[in-house]
Amino acid sequence: MLADLLTQEALSVLVVSFGIGIVVGLTGMGGGALMTPALIFLGVPPTTAVANDLVAASVNKSVGATVHWRHGSPNIRLATYLVIGSVPFAFLGTFVHKLAPGDTDHFLKLVLGGALLFAAASYMFRMYLQLRLVTGGNEAPEEDPRLKPLLTIVIGALGGLLVGITSVGSGSVIMIALLLVYPTLSAVKLVGTDLVQAVPLVLAAAIGQVINHGVEWAVLIPLILGGTPGTFLGSRMARWVSQSVIRRGIVIMLTLSGAKMLGADATFLLFLGGGMLLLGPLLWGFIRQSRGLAAFDNNAAAWRLPDRSDK
């Protein structure tokens, strides 16, 4: 096994997982949506990439959820309703590959490509929702919002199914759905709740994937060894780096990865990436101005918090 961990492929996975771990630590977003396509681009078969990424994510998310649990930020009742829907459907989603006609890897690439484009759209919509909250002058309410059990269970079920099939969705699709249904949920509670519910969700999907496809130790161990310190380092760097810039970068990467999975050629990807890189900030600046804000400014959070720097 030691020899397998010293190969160029294993070292590449280690380096990439460390870099993606930093991004996850910086933003709390993009784990499966970035890591799974990265593994595929490194030559790992899609089914192996999904299975091992889910197993590694079950370890990394447990660490983050423990931190949030200690600080009391998650809404436990809300997380419970999500888990009721997400866990069984995440497990069932891992068996969908067997129902796919033709080549399983080709089917998974197509589904993953669509999921990545959907995740990119979700991220952009989330940024717009946060912008609306900023311009609304809202402050984070102390009381928890009134829960909608049935709708929350459905959100968990749909998100769980997507995670079980592709490993994408636990930190993107479910997060944006929670923002839409519970717009007054504070940012720290939103992240904490999502992390807590993601642990059993990802664990159920990981168990299903292991049953169906097993694990590749030469992929799994570098994923954990690189992703864990990367996430820790990214968390420590979060206050130094503009969240908005990182998140726009994630949107571009998800869009290009999704298009590549769906078969786009290099020329199209070059023009698409260049257009998003050059025109994206201008479009976002126009949207900010339409909301009464400066086109480009500091890293504003979704909720206005009181300034206690002089106390």
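Under the annotation held in an unreviewed UniProt entry, the protein chain carries the name Probable membrane transporter protein and is attributed to Nocardioides panzhihuensis. Taken from UniProt, the Sequence similarities (unreviewed entry) comment for the protein chain reads in full: "Belongs to the 4-toluene sulfonate uptake permease (TSUP) (TC 2.A.102) family."

Novice: Any chance you could break down the overall build of the protein chain for me, citing the residues and the numbers?
Specialist: Summing up its helical and strand segments, the protein chain has 12 helices and 0 strands in all. Seen in sequence order, the protein chain has helices and strands lined up from the N terminus as α-α-α-α-α-α-α-α-α-α-α-α. A buried classification covers 46% of the 311 residues belonging to the protein chain. Across the protein chain, every contact between residues at least 6 apart in sequence was considered, and the portion connecting residues at least 24 apart equals 85%. Within the structure as shown, the protein chain displays about 15300 Å² of accessible surface, and the carbon and sulfur contribution to it stands at 67%.

Novice: An account of the UniProt feature "transmembrane region" (unreviewed entry) in the protein chain is needed here, citing residue identities and associated values.
Specialist: Following the UniProt record, the feature "transmembrane region" (unreviewed entry) maps to residues 12–35, 78–96, 108–129, 149–182, 217–233 and 268–287 here. Helix makes up 84% of residues 78–96 and strand 0%, and the two end C-alpha atoms of the span are 27 Å apart.

Novice: Requested: an account of the environment of isoleucine 20, with residues and values cited.
Specialist: Relative to the elements of secondary structure, isoleucine 20 occurs in helix H2 (residues 8–27). We classify isoleucine 20 as buried; its relative accessible area is 11%. The sequence separation of isoleucine 20 and glycine 32 amounts to 12 residues, and the corresponding C-alpha distance is 9.6 Å.

Novice: An account of the packing of helix H7 (residues 149–166) against helix H8 (residues 173–181) is requested, with residue identities and associated values reported.
Specialist: Where H7 meets H8, the closest approach of the two axes is 9 Å, and the angle between their N-to-C directions is 160°. Between H7 and H8, the crossing angle belongs to the class labelled roughly antiparallel. Crossing handedness for the pair H7 and H8: right-handed. Where H7 abuts H8, its residues Leu151, Ile155, Gly159 and Leu162 lie against Val173, Ile174, Ala177 and Val181. Of the residues in the contact of H7 with H8, the class split is 7 nonpolar, 1 polar and no charged.

Novice: Tell me about the confidence of the model for the protein chain, and name the residues and values.
Specialist: Chain-level statistics for the protein chain give a pLDDT mean of 80 and a share of 82% at 70 or above. Helix H5 (residues 76–93) holds the highest mean pLDDT among the elements of the protein chain, 94, whereas helix H1 (residues 2–5) holds the lowest, 55. Contacts from residues 299–311, a stretch scored under 50 in pLDDT, to residues over four places away or in other chains number 22 contacts.

Novice: With reference to specific residues and values, describe the packing of aromatic side chains.
Specialist: Taken as a whole, this structure holds 1 aromatic pair when the rule is applied. Taken together, a centroid distance of 5.3 Å and an interplanar angle of 65° make the contact between phenylalanine 91 and phenylalanine 95 edge-to-face. For phenylalanine 91, a relative accessible area of 30% translates into the label partly exposed. The partly exposed category is assigned to phenylalanine 95, whose relative accessible area is 27%.

Novice: Quick rundown of the nonpolar core? Include the residues and the values.
Specialist: Grouped together as the largest cluster of nonpolar side chains are 56 residues, with contacts concentrated most on Leu39 and Leu254. Residues within four places of leucine 39 in sequence aside, it is in contact with Val13, Val44, Ala49, Asp53, Val219 and Leu223.

Novice: With reference to specific residues and values, describe the environment of leucine 150.
Specialist: Inspection of the secondary structure assignment puts leucine 150 in helix H7. Considering only alpha carbons, one finds leucine 150 and leucine 82, 68 residues apart in sequence, at a separation of 9.6 Å.

Novice: Got a sec to walk through the side chain of serine 86? Specific residues and values, please.
Specialist: Take serine 86: it is sitting in helix H5. Among the residues examined, serine 86 registers a relative accessible area of 0% and is labelled buried. Apart from residues no more than four positions distant in its own chain, serine 86 is found in contact with Gly156, Ala157, Gly160, Gln197 and Leu201.

Novice: So, a nonpolar patch on the surface: which residues are in play, and what are the values?
Specialist: On the surface, Leu277, Leu278, Leu279 and Leu282 cluster together to form a nonpolar patch covering roughly 460 Å² of accessible area. Examined against the element boundaries, leucine 277 turns out to sit in helix H12 (residues 266–290).

What counts as what
Residues numbered from 1 in each chain as written. Predicted model: local features only at pLDDT ≥ 70, side-chain atom pairs only at ≥ 80, totals over all residues. Heavy atoms only, no water. UniProt positions renumbered as here; feature names shortened; annotations may be inferred. Helix = DSSP H or I, 4+ residues; strand = E, 2+ residues; numbered from the N terminus. Buried < 20%, exposed > 50% of the residue type's maximum accessible area, 1.4 Å probe, protein only. Contact = heavy atoms within 4.5 Å. Areas by Shrake-Rupley, 256 points an atom, 1.4 Å probe, with all protein chains shown as cover. Axes fitted to C-alpha atoms, helices over the stretch in contact; angles between N-to-C directions. Parallel < 35°, antiparallel > 145°, perpendicular 65-115°, else oblique. Left-handed = near helix turned anticlockwise from the far one by under 90°. Nonpolar A, V, L, I, M, F, W, Y, C, P; charged D, E, K, R; others polar. pLDDT = per-residue confidence, 0-100. Phe/Tyr/Trp six-rings, centres within 6.5 Å; stacked < 30°, edge-to-face > 60°. Core = buried A, V, L, I, M, F, W, Y, C linked by side-chain atoms within 4.5 Å. Patch = residues over 30% accessible without salt bridge, like charges linked within 9 Å, V, L, I, M, F, W, Y side chains within 5 Å. Salt bridge = Lys/Arg side-chain N within 4 Å of Asp/Glu carboxyl O.

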